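# Close look at the chain arrangement
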Amino acid sequence: MKVAQPIFSFRAPLISLRSFQRHNTSDQRSLRGPVPLNGFLDSIFRSKDTAPVEIEQDALGQALLDALFSKHQTSSSLMNGVQCSDISGQGRGLVATQTVREGQVVLNIPFDAAITPEKAAQMSSLRDIITSSRYASSSGDEAKTTLPDWTLLAVWLAELVSSQTPPPPPPSLSNNNHAVHAAYAAVLPAYQNTSCVLEWTENEVNWLRGSYLYNMALDIRTAADTSWKELEPIISHAERAGLIKKGVLTEKTLKHAFALLLSRLIRINFNSRTGGGGGGGGISGGISGDYDRNLGQNEVEVLCPVADFVNHDSTCSSFLQIDEENQNIVLVADRKYRPGEQIFASYGQKTSGEMLLSYGFLPEEGSNVHDACLLSIGGVGEGVEQISKEVFPLKMGAVPQKLLDALCSAAGESNNGVNVSGEQLLVNLCKQKLETYSINLEDARAELLRLRGTTARDSTGGKEERDATTINVKRRDAVLRILVQEQKILARTIFLMKQQLK
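Residues numbered from 1 in each chain as written. Predicted model: local features only at pLDDT ≥ 70, side-chain atom pairs only at ≥ 80, totals over all residues. Heavy atoms only, no water.

### Side note on the overall build of the protein
Within the protein, the secondary structure is distributed over 15 helices and 16 strands. The proportion of buried residues among the 502 residues of the protein is 52%. Taking as baseline every contact in the protein between residues at least 6 positions apart, the subset at least 24 positions apart corresponds to 75%. Of the accessible surface of the protein, which amounts to about 22,800 Å², a share of 47% is contributed by carbon and sulfur atoms. (Helix = DSSP H or I, 4+ residues; strand = E, 2+ residues; numbered from the N terminus. Buried < 20%, exposed > 50% of the residue type's maximum accessible area, 1.4 Å probe, protein only. Contact = heavy atoms within 4.5 Å. Areas by Shrake-Rupley, 256 points an atom, 1.4 Å probe, with all protein chains shown as cover.)

Here it is, written out as structure tokens:
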């Protein structure tokens, strides 16, 4: 089976964030043991009863599942021992209805149910423009367009969620199912409800200054802006040609679609690309420039209804996988689940900050073994040119060996004629980075304590203003927690390197 990786990267044709995920967690010089993991779920679900228990129903999720089953009649169940449920504080998720064994397949979705970029292009009201790659500009001249895959998905998704009705497909597209896509539209988060960085205000993004997450946030938002500018003349032509009603595809609806993709898109690897819109998962067209170099030859990015209900757990080792023989997207349980326990998957080896930018949440404090302070070494000096654009994950008590090796090779004569070591260069880097944060460690800790006593009732406005205050407070709390963690890591690294220099 092949692993289907959730996508953190948000792309435009010339902008890619994929390089930010090259954190090799095995390349660490460990200076301290791993963070102990808690037994949070076990403390809640102590019952050893294997009989199904009463679980809060999710009517919309079940409607989507029913529509999928009606469309894709398969010999095996789409869900085995689990069902959709509303999870307190987490939204929609999958919960065990009976004892689930380790190694049991709990999710079995036909790949034909996934929305590939090619399918999205064929189902869009703009398909004539997209497939011909030509359109008439406002001046009457012929213009060309080649849209990247995630933009094709965003256009169709924006049409879907803005009207809650799937765009009419061409007669030739037999694998489309209006009931499935209408049910999918009903379960997707509403505008401004994904909490990803595309929904933050500019001031909220500025809170991240000093952290490498600030650069990532800017790139994500710039990618969305760039994509909208590419789409704007195409949409204008489509409206003039009567292909789509005015107001369906707007900057607001596209921004919503980009936010949904950022939090729901998964990347799938196949041994071979078969082409077409069927179960093989192959795609054609729409890939150009840097985007194609970041998307592997046998990889495709898709939306997969129901499969994207699975929530993340940092301690989980299960990923969505591809059963190529049966052309299914499956999830295999990595542990035993009792009735009533939530089923989890891993979204990948991401820091808590990356989770916040993409998915709008932070893992439980202390639970994410991949937490790190991302450090760039550009401008250190000669000898590190090949990795000057790489980002290294500094952990609490662990330094990537590749980083130390690079800094040691770059060590030499400083401006004042004193020899410096790789360890000293790292100390200097960490000190410089600490000075760039929007708030220092002491002040961040103090503000966190104050925020814990802040509630929406502190706002004097109406419900909408109180809701905005709640979101702002929670987001500020999350950012401060990240900034505190990063600065603690930097301070610890400085201490450890100085110890080694003695």
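### Some words on the confidence of the model for the protein
For the protein, per-residue confidence averages 75 on the pLDDT scale, and 70% of positions sit at 70 or higher. Within the model, the stretch residues 5-53 combines pLDDT values under 50 with 134 contacts to residues more than four positions away or in other chains. Here residues 135-139 scores under 50 on pLDDT; set against residues more than four positions off or in separate chains, the count is 14 contacts. (pLDDT = per-residue confidence, 0-100.)

### Some points on the pairing of strand 4 (residues 91-96)
The element strand 4 is largely enclosed, with a buried count of five among its six residues. As defined by bridge partners, strand 3 (residues 82-87) adjoins strand 4 across six bridges and the pair is classed as antiparallel. Within strand 4, the position partnered with Cys84 by the bridge is Leu94. Both strand 4 and strand 13 (residues 342-345) contribute to a ladder of two bridges, which runs antiparallel. Looking across to strand 13, one finds that Val95 is bridged to Gln342. (Pairing = 2+ DSSP bridges.)

### Details of the packing of helix 8 (residues 212-240) against helix 11 (residues 352-359)
Between helix 8 and helix 11, the shortest axis-to-axis distance is 11 Å and the interhelical angle comes to 20°. Compared by their axis directions, helix 8 and helix 11 come out roughly parallel. Here helix 8 runs over helix 11; the crossing is right-handed. Across the interface between the two elements, Leu213, Met216 and Ala217 from helix 8 touch Gly353, Glu354 and Leu357 from helix 11. Of the residues contributing to the contact of helix 8 with helix 11, the split by class is four nonpolar, one polar and one charged. (Axes fitted to C-alpha atoms, helices over the stretch in contact; angles between N-to-C directions. Parallel < 35°, antiparallel > 145°, perpendicular 65-115°, else oblique. Left-handed = near helix turned anticlockwise from the far one by under 90°. Nonpolar A, V, L, I, M, F, W, Y, C, P; charged D, E, K, R; others polar.)

### Some words on the pairing of strand 5 (residues 105-110)
Of all the six residues making up strand 5, five are buried; the element is thus mostly covered by neighbouring parts of the structure. In the sheet, strand 5 pairs with strand 12 (residues 328-332) via five bridges, with the strands oriented antiparallel. Directly across from Val105, in strand 12, lies its bridge partner Val332.

### Focus on the sheet that holds strand 13
Strands belonging to one sheet form pairs held by backbone hydrogen bonds; the direction of such a pair is parallel or antiparallel. Spatially, the four strands line up as an open sheet ordered 3-4-13-10, and their pairing is mixed. Two strands close off the open sheet at either side, each with one partner strand: strand 3 and strand 10 (311-312). For strand 10 and strand 13, the ladder comprises two bridges, and the chain directions are parallel. Counted as the bridge partner of Asn311 is Phe344 from strand 13.

### A closer look at helix 6 (residues 178-187)
Among all positions in helix 6, only Val180, His181, Ala183, Tyr184, Ala185 and Val187 are buried. Where helix 6 is buried, its residues touch helix 2 (59-71), strand 4, helix 3 (117-123), helix 5 (149-163) and helix 9 (251-264).

### Some details on the pattern of salt bridges
Scanning the entire structure with this criterion turns up eleven salt bridges. The partner of Asp313 in a salt bridge is Arg335, and the shortest N-O contact between them spans 3.3 Å. Residue Asp313 is found in the loop between strand 10 and strand 11 (320-323), and its partner Arg335 is found in the loop between strand 12 and strand 13; the two are separated by 22 residues along the sequence. A salt bridge links Arg335 to Asp334, with the nearest nitrogen and oxygen atoms 3.0 Å apart. (Salt bridge = Lys/Arg side-chain N within 4 Å of Asp/Glu carboxyl O.)

### So, the packing of helix 5 against helix 8
As a packed pair, helix 5 and helix 8 sit with axes 11 Å apart at the nearest point and diverge in direction by 70°. Here helix 8 runs roughly perpendicular to helix 5, going by the angle between their axes. Counted together, Trp150, Thr151 and Val155 of helix 5 and Ala223, Ser227 and Leu231 of helix 8 form the full contact between these two elements. Residue classes in the contact of helix 5 with helix 8 are distributed as four nonpolar, two polar and no charged.

### Notes on the packing of aromatic side chains
Applying the stated criterion across every chain, the model contains three aromatic pairs. Plain terms: the ring middles of Tyr347 and Tyr359 are 4.7 Å apart, the flat faces sit at 55° to each other, and that makes the pair tilted. Highlighted residues: Tyr347 in the loop between strand 13 and helix 11 and Tyr359 in helix 11, separated in sequence by twelve residues. For the pair Tyr347 and Tyr359, one class covers both residues: buried. An aromatic cluster is built from Tyr347, Tyr359 and Phe361, whose rings are joined through pairwise contacts. Cation over ring: Arg92 sits above Phe309, and NZ or CZ is 5.5 Å from the ring centre. Positioned above the aromatic ring of Trp207, the side-chain terminus of Arg476 is 4.9 Å from the ring centre. (Phe/Tyr/Trp six-rings, centres within 6.5 Å; stacked < 30°, edge-to-face > 60°. Lys NZ or Arg CZ within 6 Å of the ring centre and 35° of its normal.)

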